[in-house]
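Understanding the architecture of this molecule
If you want the building blocks of each chain, they are given just below.
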Amino acid sequence: MARYGRTADRIHRISDGAAISPSLARLGLAAILLLTLPVVFLAAAQAPVAPTAPAPPAAPQAPQASPPQAPQTPAHDTAKVTRYLIVSGDSSSGSWDSRDEPRFREWRSKYGSHYAWFRQDGRDYIVTDEQTLAELQHAMAPQLEVNRREGEVNRHQAEVTRLQEGVNPQQADVNRAQAEVNRQQGLVNRGAGDQDRVNQVQEEVNGRQHAVNAEQDKVNQRQAVVNKEQGEVNRMQTRASAEIDKALQAVFDSARRRGTAHEVH
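Residues numbered from 1 in each chain as written. Predicted model: local features only at pLDDT ≥ 70, side-chain atom pairs only at ≥ 80, totals over all residues. Heavy atoms only, no water.

As a further point, take the overall build of the protein. Looking only at helices and strands, the protein features four helices and five strands. For the protein, the α and β elements follow one another from N to C terminus as β-β-α-β-β-α-α-α-β. Taking all 265 residues of the protein together, 45% fall into the buried category. Nonlocal contacts in the protein, meaning residues at least 24 apart in sequence, comprise 76% of its contacts between residues at least 6 apart. Accessible surface, the protein as shown: approximately 13800 Å² in total, 54% of it carbon and sulfur. (Helix = DSSP H or I, 4+ residues; strand = E, 2+ residues; numbered from the N terminus. Buried < 20%, exposed > 50% of the residue type's maximum accessible area, 1.4 Å probe, protein only. Contact = heavy atoms within 4.5 Å. Areas by Shrake-Rupley, 256 points an atom, 1.4 Å probe, with all protein chains shown as cover.)

Moving on, we come to the packing of aromatic side chains. Following the criterion strictly, the structure yields eight aromatic pairs and no others. Relative to Trp107, the ring of Phe104 has its centre 6.2 Å away and its plane inclined at 40°; by these criteria the two rings are tilted. In this pair, Phe104 and Trp107 both sit in helix α1 (residues 101-111), three residues apart, roughly one turn of the helix. By relative accessible area, Trp107 is classed as buried at 2%. Judged by centre distance (5.7 Å) and plane angle (35°), the rings of Trp107 and Trp117 are tilted. Of this pair, Trp107 sits in helix α1 while Trp117 sits in strand β3 (residues 114-120); the two residues are 10 residues apart in sequence, bridging distant segments of the chain. (Phe/Tyr/Trp six-rings, centres within 6.5 Å; stacked < 30°, edge-to-face > 60°.)

The next thing to look at is the nonpolar core. By size, the foremost hydrophobic cluster in this structure holds 34 residues, and its most contacted members are Tyr84, Ile86, Phe118, Val127, Leu136, Leu248 and Phe252. Elements that contribute at least two residues to this core include exactly β1 (83-88), β3, β4 (123-127), α2 (130-139), α3 (142-189) and α4 (195-258). A per-element tally of this core places α4 first, with 14 residues. With nine residues, the next largest nonpolar core counts Val87, Tyr115, Trp117 and Ile126 among its residues. (Core = buried A, V, L, I, M, F, W, Y, C linked by side-chain atoms within 4.5 Å.)

Strands sit in the order β2-β1-β3-β4-β5 across an open sheet of five strands; the sheet is antiparallel. If you trace the sheet from one side to the other, it starts and ends with β2 (91-95) and β5 (261-264), each paired once. Each strand axis lies, on average, 20° off the axis of its neighbour in the sheet, ignoring direction. In this structure, β1 lies alongside β3, joined through six bridges in antiparallel fashion. Bridge assignment links Ser88 to a residue of β3, and that residue is His114. Across the face of the sheet, α1 comes into contact with β1, β3, β4 and β5 while running at roughly 135° to β3. (Pairing = 2+ DSSP bridges. Axes fitted to C-alpha atoms, helices over the stretch in contact; angles between N-to-C directions.)

With that settled, consider the packing of α3 against α4. With their axes 8 Å apart at the nearest point, α3 and α4 run at an angle of 165° to one another. It follows that α3 is roughly antiparallel to α4 by the angle criterion. By crossing handedness, the relation of α3 to α4 is classed as left-handed. (Parallel < 35°, antiparallel > 145°, perpendicular 65-115°, else oblique. Left-handed = near helix turned anticlockwise from the far one by under 90°.)

A separate point is the pairing of β4. Of all five residues making up β4, four are buried, and the element is well covered by its neighbours. Where β3 meets β4, five bridges bridge the pair, whose relative direction is antiparallel. Bridged to Gln120 within β4 is Arg123. Strand direction decides the pairing type here: β4 and β5, joined by four bridges, are antiparallel. Bridged to Asp124 within β5 is Val264.

Turning our eyes to something else, we now look at the confidence of the model for the protein. Mean pLDDT over the protein: 79, with 71% of residues reaching 70 or higher. Contacts of residues 1-51 to residues separated by more than four positions or lying in other chains number 173 contacts, the stretch itself having pLDDT below 50. Confidence drops under pLDDT 50 across residues 70-77; counting only partners more than four residues distant or on other chains, this segment forms 10 contacts. (pLDDT = per-residue confidence, 0-100.)

We now examine the pattern of salt bridges. Counting across every chain of the model gives 17 salt bridges. In this structure, the salt-bridge partner of Asp121 is Arg256, at a minimum N-O distance of 3.3 Å. Residue Asp121 is found in the loop between β3 and β4, and its partner Arg256 is found in helix α4; the two are separated by 135 residues along the sequence. The exposure class of Asp121 is partly exposed, given its relative accessible area of 35%. Note on Arg256: relative accessible area 28%, which makes it partly exposed. Three or more residues joined by partner-sharing salt bridges are found here, namely Arg83, Asp97, Arg99, Asp100, Arg103, Arg119 and Asp124. (Salt bridge = Lys/Arg side-chain N within 4 Å of Asp/Glu carboxyl O.)

Next up, the structure:
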């Protein structure tokens, strides 16, 4: 769960049960490029033109996970928590920038491995109260389900990647065969070679290309399913972010009222 001032710094995750992890997994799920190039050739005017290989379908596009949305701080709302950090053992999550990090090291040595920091009304507060820390972790709970579903999507995407890696060598073999047909056709065009033989080999290559296309279609269909799953996870993340923002704000406000949040300078 992350909400940074800059997009590149805003990924932190919850893992290990109720512990809050430092980063939300993002499998950057990269698109898989099909290793094909269209191949064409020109036959001699007096000779029959050999059929060309059908173009393979485009490789599937991997889904893009949407990052957790950061809370927006209206200029007029001075009570809004603008930055925070929740530390639990070796993991941490929150929203901060690099200017805050030197103090984190200081606070960890002073408060140990279980504390929270937040900034509100331009002031810094530290929380070490066990009840308040438990409330903060409970507020972050919706992120756990998002992370679990994201993990499922990542596993499914890995399977699609494996299938694509099986199709790519087949397409490469077809490309090499087509290149040889093109070479032979060039000889025919210059008055050498056997056009009938070239036509026969081209038909064989076309058949192999159709078979590869069928396999690629299966991969594309599986990728479409994964993309749909990722879209649902992205929508879950949007809902979870809004829910978490609201819950955290309530806990921080309550900690100030109860006196369990201590101002630090």
